[in-house]
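As a plain string of letters, each chain reads:
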Amino acid sequence: LMSHNPPPKFASEEPAAYATKLIEFLETYSWIFDIQFIKFFVNDTWSTVPEEWREPLINAPPNVLHKFETLPESSLDCFPASLQQFIRTASELSMPKAKQQSTPPNVGTDFLLKMNMGPKKLHEVTEMSHYVATLCNQHNLTEVVDVGSGEGYLSTTLQLVHNLNVLAVDGCPSNTAGAEERSKKMESRIKKRKKQTPNTVVTALPGAHCNHISMYLTPDVSFTELFHRQKEQTGADAADTQPLKEDNQHVSEAKARTPTTAEAGRFCLVGLHACGALSGLTMLELFKKNPTIQVLAVVGCCYYKLGDVPGAFPVSEVVKQYKYRPGKGGLKLACESRDQWSRRNEEEFEYMINHTLYRLVTELAWSKWIEEYGAEELWLKGFIKKDHCVDFPTFCKRGFVQLRNRQQPTKTYTQPDAEHCQQLWDQVVTKEKGTQKMLGFLFLRALMSNVLESLIMLDRWLFLKQDMHVDTVAVVPLFDAVISPRNFCIVATK
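As the structure is a prediction and not an experimental result, all values here were calculated from the model.

Criteria and thresholds
- In this numbering scheme, every chain counts its residues from 1 along its sequence in written order.
- It should be noted that, the model being predicted, local features are given only for residues of pLDDT at least 70 and side-chain atom pairs only at 80 or more, the latter also being counted only at that level, while totals for whole chains, interfaces and linings use all residues.
- Here the side-chain values reflect all heavy atoms present in the structure, with hydrogen atoms and water set aside.
- Runs of E in the DSSP output that reach at least two residues are strands. Runs of H or I that reach at least four are helices, and both are numbered from the N terminus.
- Summary of the burial criterion: residues with accessible area below 20% of their type's maximum are buried, those above 50% are exposed, and those between are partly exposed, where the area comes from a 1.4 Å probe applied to protein chains only.
- In short, Shrake-Rupley with a 1.4 Å probe defines the accessible areas, and a residue's cover is counted only from the protein chains shown.
- Two strands qualify as a pair provided that DSSP identifies no fewer than 2 bridges between them.
- Between the N-to-C directions of two axes lies an angle of 0 to 180 degrees, each axis being a line fitted to C-alpha atoms and, for a helix, fitted only over the stretch in contact.
- Contacts: residue pairs with any heavy atoms within 4.5 Å of one another.
- Note that patches include only residues with greater than 30% relative accessible area and no salt bridge, and the join distances are 9 Å for like charges and 5 Å for nonpolar side chains (Val, Leu, Ile, Met, Phe, Trp, Tyr).
- Salt bridges are identified by distance alone: a Lys or Arg side-chain nitrogen within 4 Å of an Asp or Glu carboxyl oxygen.
- In summary, the charge assignment counts Lys and Arg as positive and Asp and Glu as negative, without counting His or the chain termini.
- All charge positions are set by atom: Lys at NZ, Arg at CZ, Asp at CG, Glu at CD.

**Here we look at the overall build of the protein chain**
Counting secondary structure elements, the protein chain contains 17 helices and nine strands. With 494 residues in all, the protein chain has 54% of them scored as buried. For the protein chain, the exposed area adds up to about 22,000 Å²; of that, 50% sits on carbon and sulfur atoms.

**Re the sheet that holds strand β8 (residues 472-477)**
Strand order across the open sheet formed by seven strands is β3-β2-β1-β4-β5-β9-β8, with mixed pairing between neighbours. Sheet topology places β3 (210-214) and β8 at the edges, where each strand pairs with a single neighbour. Sheet twist, expressed as the mean angle between neighbouring strand axes with direction ignored, is 15°. One ladder, built from eight bridges, connects strand β4 (residues 267-275) with strand β5 (residues 293-301); its direction is parallel. Each residue of the ladder has a partner; that of F267, found in β5, is I293. Contacting β1 (143-147), β4, β5 and β9 (488-493), helix α10 (residues 277-289) crosses the sheet at an angle of about 175° to β5. In this fold helix α17 (residues 434-465) packs onto β5, β8 and β9, with an angle of close to 5° to the strand it touches most, β9.

**Here's the deal with the pairing of β8**
Of all six residues in β8, six are buried, a share of seventy percent or more. A two-sided burial pattern is seen for β8, the buried positions comprising T472, A474 and V476 on one face and V473, V475 and P477 on the other. Across six bridges, β8 lies against β9 in antiparallel orientation. Bridging from a neighbouring strand, V473 pairs with A492 of β9.

**Brief notes about a negative patch on the surface**
Together, E346, E347, E348 and E350 make up a region of like negative charge exposed at the surface. With respect to the element layout, E348 can be found in helix α14 (residues 346-369).

Here it is, written out as structure tokens:
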């Protein structure tokens with residue numbers, strides 16, 4: 001656990017030198033991401049693209065822009081040398097996102113993991129829980145603090161599948177109430193499954209407990225006290241949490257560990273897609289300042305919220321000295337992944353392009369047909385669903401239905417007629433090659449997304465590395481980047 005996950009070209013260079021190259025590149029091409037992309041047509045964003053890049057991008061075959069990573073390098077010969085160099089440099093600067101660990105199947109416990117989880121959440125919880133359990137086994141820890149625990153998917157899995165005592169902390173009381181309800185349902189399901197198939201191993205449950213609390217953490221919090229207090233309030237040692245029958249072939253790797261490490265004041269701090277500054281500052285400071293936290297494993301999310309908290313980015317002295325920070329547009333683009341761009345199948349890619357194009361032209365329609373556009377804050381309520389993506393007039397009319405005004409919350413907007421919508425579409429998309437322009441610009445943004453996230457991850461790694469009390473720290477790609485774009489886990493021990 002020492003690597004900052006550098007790309008091959010920078011594997012032998014100092015992390016500070018890698019940071020320098022990242023920042024220089026981002027400063028040069030900030031026009032790609034420090035924008036409101038939703039106003040691509042409104043603000044004529046295409047005019048910011050270097051002139052010698054425009055026609056080659058417009059004329060590039062869509063499969064070259066979509067599948068460029070899997071095509072031979074000669075496929076980029078249709079681009080000028082400066083654009084080819086941009087593509088190469090963006091790739092060379094991006095931290096590898098390929099998942100490194102293989103996770104054994106949770107045979108006999110799949111029914112637990114699938115409870116109220118979609119494919120994405122199931123993948124994340126399976127991978128993260130196994131990784132955290134492995135870290136706890138390696139460091140002989142039995143207590144885990146799950147920060148930003150939400151509905152408790154990770155917390156209850158760590159308890160019921162991996163036999164770890166968990167304190168699930170979330171700042172939202174409704175999340176905590178939902179997590180408690182879900183935890184009860186999971187334990188009930190275990191008992192029901194045991195009665196139905198008494199000879200089948202479901203999981204080992206040797207008294208491990210999971211307690212949910214709603215609070216905001218400070219660096220001086222006493223986790224030992226919190227664990228004891230919650231244990232007393234919930235009766236975690238009650239007789240109804242008896243071990244289920246074990247089958248060595250099907251039980252989780254986790255083994256019963258006694259005594260618990262809470263008494264010794266030793267904990268593992270974890271967060272799965274902890275939002276904004278929670279993963280970018282709060283949890284990192286907790287780990288550094290709280291002597292009871294021995295292991296940290298946190299996957300970040302919502303990087304664009306870092307701009308709302310002073311000091312949340314950058315956090316390391318190395319990156320701070322450059323006095324550079326991407327704007328909200330750049331931090332938002334860092335949440336995306338070029339893997340999602342290049343590894344989508346043709347049907348998914350076509351739908352994504354069509355939906356994005358419809359949305360951008362609808363924004364242009366608002367700017368032309370709504371008087372207060374630009375003077376007052378307008379926003380789209382919800383996501384325009386697939387049923388309304390059959391053609392642009394249908395989509396655009398629905399956009400006017402879902403349009404809201406923050407200054408006048410009750411105001412509604414009249415739908416334009418289909419003919420006017422079609423005329424706008426013909427002008428922007430057909431005559432002015434709007435599809436090709438947008439596709440070319442999205443291609444540039446896809447290349448920049450991983451570069452932006454690489455700087456954020458390197459900054460967090462450097463922040464922990466500069467503390468003399470931290471023994472090891474690493475950036476680990478934990479998930480499949482297509483399924484879960486924010487797949488970097490900051491792992492540290494002391």
